[in-house]
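Architecture at a glance
Each chain is listed here by its residues.
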Amino acid sequence: QGLVLLTSVAFAVGVIRLGKQNVLVQELPAVEGLARVDVICFDKTGTLTEGKLTVREVQYLTESEDLVPALGALAATDPTPNGTVRAIGSAFARPVGWRAAAQMPFSSDRKWSGTSFNTQGTWVLGAPEVVFPGESRVLRRADQLAADGFRVLVVGRTEEPLHGEEIPDGLRPLGLVVLGDRMRDDVTKTLEFFELQGVRTKVISGDHPRTVAAIARQVGIKDADRVVDGRDLSEDDPRFAEQVDQGTVVGRVTPHQKRRMVAALQSRGHTVAMTGDGVNDVLALKDADIGIAMGTGSSASRAVAEVVLLDADFDSLPAVVGEGRRVIANIERVANLFVTKTVYAMFLVLAVALAGQAFPFLPRHLTVVGSLTIGIPAFFLALEPTARRARRGFVFRVMRFAVPTGTLAAFATFAAYRLALAEGVSLPEARSVATLVLSAMGF
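Our subject in this report is the structure included herewith. Every value quoted in this text rests on a predicted model; they were computed, and no experiment measured them.

1. Quick notes on the overall build of the protein
Scanning the protein for helices and strands turns up 17 helices and 14 strands. A globule of 443 residues ought to have a C-alpha radius of gyration of about 22 Å, yet the protein, at 31 Å, is considerably larger. Sorting the 443 residues of the protein into buried and exposed places 51% on the buried side. Partitioning the contacts of the protein with sequence separation of at least 6, the portion at a separation of at least 24 is 68%. Per element, the accessible surface of the protein, about 20,200 Å² overall, is 56% carbon and sulfur. Averaging the locations of the 48 positively and 48 negatively charged side chains of the protein gives two centres separated by 7 Å.

Structure (structure tokens):
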């Protein structure tokens, strides 16, 4: 009964402590999961960076007076603008007279969007290696910018109309849009905490691998040079899980791939936490052992996550993990005491039955012993701080402690009780001897 009570108290206190730091725990078992995390996956935008993209510059590949107006028109006509499109819309006003005839909104899987206008042709905006995979001139310049940590999009134009999800024929590259984001101030300190605690960090993003790697190096992620391109990953490859496990930075990842990567890491024995803030993170957040959503993110990501950082403060993560570890370590300490009590009580009952003697305790004796050596100490142990990561084998470790300890306590108590009776003392005095010995063993 005491173990059930104090386990519930430990979990509840953990939730309250996290709540004071603007961390919402939506499922109580998440506290235990936090203690076991050994791999944490970050989505770059909104977690490592502030998620406030701005247009840094537009580089012309071909002289065109319509490039800047086209950017404003593309942003204004996109029915489901993401952060990138909104940043372009903030930088470029919607031009007069550009009326959309057909649209293809941006998709994380497709990685491009396009609009056909009545008199200005069809314009496409997307990832350079997707829209112009054979244009070495475009790709070289985009790679140079990506290596500096910028997000790069290419703009192309054609007279051909849009046809479903196929990039239209005759598309010519006209310019590159360079976007930047600001690093979170608290990222480096948080990542250092995870490294010291033995938690591996991975960055999984839909951006260009070189862009993601540059950001990872800037914030100090260890082994940021282990870069994997999501387009080179095949789920049918038997080495898929190994590649994901060994890589630190994974770019050009689709939402479905994020989910498969979480499953691959779990298949290799890892307890995985996933952070994210967008709709494209929902699948991975849901399947991860612990999904951590940003309070400023989409409602869908907040709904499926076990933990929500209400103020989107990345610096809260060490406290979140630390609180989980404290709770689980303290429950193990408390379990040691209560299971030991169960063991010695069981052996005392057996010994008394076999010896045919009166039980060595009255209820008041057990109340004194239980309160002073189990209940009151367990209450303080349940609130004790700790930084040790939870390990597998909870039941084995508790039994390894409780069985020999409980057996020894029962043997000493019953031996003292029998010796007292053998010396001719009264039953109340023999029970007092048993109570003193068991209390001493408990302390």
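Now that the structure is up, let's keep going.
2. Regarding the sheet that holds strand β14 (residues 307–309)
What the eight strands build is an open sheet, ordered β1-β14-β13-β12-β2-β9-β11-β10; its pairing is mixed. Looking at the sheet topology across the chains shown, the edges are occupied by β1 (23–25) and β10 (227–229). Pairwise comparison of adjacent strand axes, ignoring direction, gives a mean angle of 20° for this sheet. When strand β12 (residues 272–276) meets strand β13 (residues 290–294), the two strands line up parallel, connected through four bridges. Across the sheet, the residue bridging to Thr275 is Ile292, located in β13. Sheet contacts for helix α11 (residues 255–267): β2 (39–42), β9 (200–204), β11 (249–251) and β12; angle to β12, the most-contacted strand, approximately 160°.

3. A short note on the pairing of strand β8 (residues 172–180)
On a regular strand, one side chain projects to one face of the sheet and the next to the other, so that they alternate. Of all nine residues that make up β8, eight are buried, and the element is covered over most of its length. Taken together, the six bridges between strand β3 (residues 54–60) and β8 define a ladder with antiparallel strand orientation. In the sheet register, Val58 faces β8, and the bridge partner there is Val177. Bridging between strand β7 (residues 151–158) and β8 involves seven bridges; their strand directions are antiparallel. The partner of Val155 across the bridge, within β8, is Gly175.

4. Describing the nonpolar core
Among the nonpolar cores identified, the biggest contains 41 residues, and Phe42, Leu48, Ile290, Val307 and Leu317 are the most heavily contacted of them. The biggest single contributor to this core is helix α14 (residues 317–355), with six residues. Beyond its immediate stretch of four places on either side in the chain, Ile290 contacts Ala30, Gly33, Leu34, Val37, Val272, Ala273, Met274, Glu306 and Val307. Judged by nonpolar contacts, the second largest core, of 22 residues, contains Ala75, Ile88, Leu153 and Leu179.

5. As for the side chain of His208
Summarising the element assignment, His208 is placed in the loop between β9 and α9 (209–219). Engagement of the side chain of His208 in a polar contact is seen with the side chain of Asp143, the distance being 2.9 Å. Here Arg210 takes part through its backbone nitrogen, which lies 3.0 Å from a polar atom of the side chain of His208. Excluding residues within four positions of it along the chain, His208 makes contact with Glu129, Asp143, Ala146 and Arg252.

6. Describing the packing of α14 against helix α15 (residues 363–381)
Contact geometry for α14 and α15: axes closest at 8 Å, N-to-C directions at 165°. Viewed along their axes, α14 and α15 adopt a mutual orientation that is roughly antiparallel. The handedness of the crossing between α14 and α15 comes out as left-handed. Here Asn330, Arg333, Val334, Leu337, Phe338, Lys341 and Tyr344 of α14 come into contact with α15, specifically with Val369, Gly370, Thr373, Ile374, Pro377, Ala378 and Leu381. For the contact of α14 with α15, the residue count by class is nine nonpolar, three polar and two charged.

7. So, the sheet that holds strand β4 (residues 100–104)
Spatially, β3-β8-β7-β6-β5-β4 is the arrangement adopted by the six strands of the open sheet, whose pairing is antiparallel. The open sheet is flanked by β3 and β4, the only strands paired with a single partner. The average undirected angle you get between the axes of adjacent strands in this sheet is 20°. Looking at chain direction, strand β5 (residues 112–117) and strand β6 (residues 121–126) are connected through six bridges and run antiparallel. By the bridge assignment, Gly114 is partnered in β6 with Val124.

8. Section: α15
Every α-helix carries 3.6 residues per turn, so stepping three or four residues along brings you back to the same face. Along its 19 residues, α15 runs 25 Å from first to last C-alpha, staying within 8% of the 27 Å computed at 1.5 Å per residue. In the structure, α15 departs most strongly from a straight axis at Ser371, where the bend amounts to approximately 50°. Residues of α15 that are buried in the fold lie against α1 (2–20), α14 and α17 (427–442).

9. What about the pattern of salt bridges?
Scanning the model with the defined rule gives 15 salt bridges in all. The closest approach of N and O atoms between Asp223 and Arg226, which form a salt bridge, is 3.9 Å. Across the pair Asp281 and Lys258 runs a salt bridge, and its minimum N-O distance is 2.6 Å. With a gap of 23 residues between them, Asp281 in the loop between β12 and α12 (282–287) and Lys258 in helix α11 connect regions that are remote in the sequence. An identical accessibility class is assigned to Asp281 and Lys258; each is buried. The network of salt bridges with shared partners includes Glu129, Asp229, Arg231 and Arg252.

Conventions adopted
Residues numbered from 1 in each chain as written. Predicted model: local features only at pLDDT ≥ 70, side-chain atom pairs only at ≥ 80, totals over all residues. Heavy atoms only, no water. Helix = DSSP H or I, 4+ residues; strand = E, 2+ residues; numbered from the N terminus. Rg over C-alpha atoms; globule rule 2.2 N^0.38 Å. Buried < 20%, exposed > 50% of the residue type's maximum accessible area, 1.4 Å probe, protein only. Contact = heavy atoms within 4.5 Å. Areas by Shrake-Rupley, 256 points an atom, 1.4 Å probe, with all protein chains shown as cover. Lys, Arg positive; Asp, Glu negative; His and termini not counted. Charge placed at Lys NZ, Arg CZ, Asp CG, Glu CD. Pairing = 2+ DSSP bridges. Axes fitted to C-alpha atoms, helices over the stretch in contact; angles between N-to-C directions. Core = buried A, V, L, I, M, F, W, Y, C linked by side-chain atoms within 4.5 Å. Polar contact = N/O pair within 3.5 Å; in protein donor to acceptor, adjacent residues only side chain to side chain. Parallel < 35°, antiparallel > 145°, perpendicular 65-115°, else oblique. Left-handed = near helix turned anticlockwise from the far one by under 90°. Nonpolar A, V, L, I, M, F, W, Y, C, P; charged D, E, K, R; others polar. Expected span 1.5 Å × (residues − 1). Bend = angle between axes of the 7 residues up to and from the residue. Salt bridge = Lys/Arg side-chain N within 4 Å of Asp/Glu carboxyl O.

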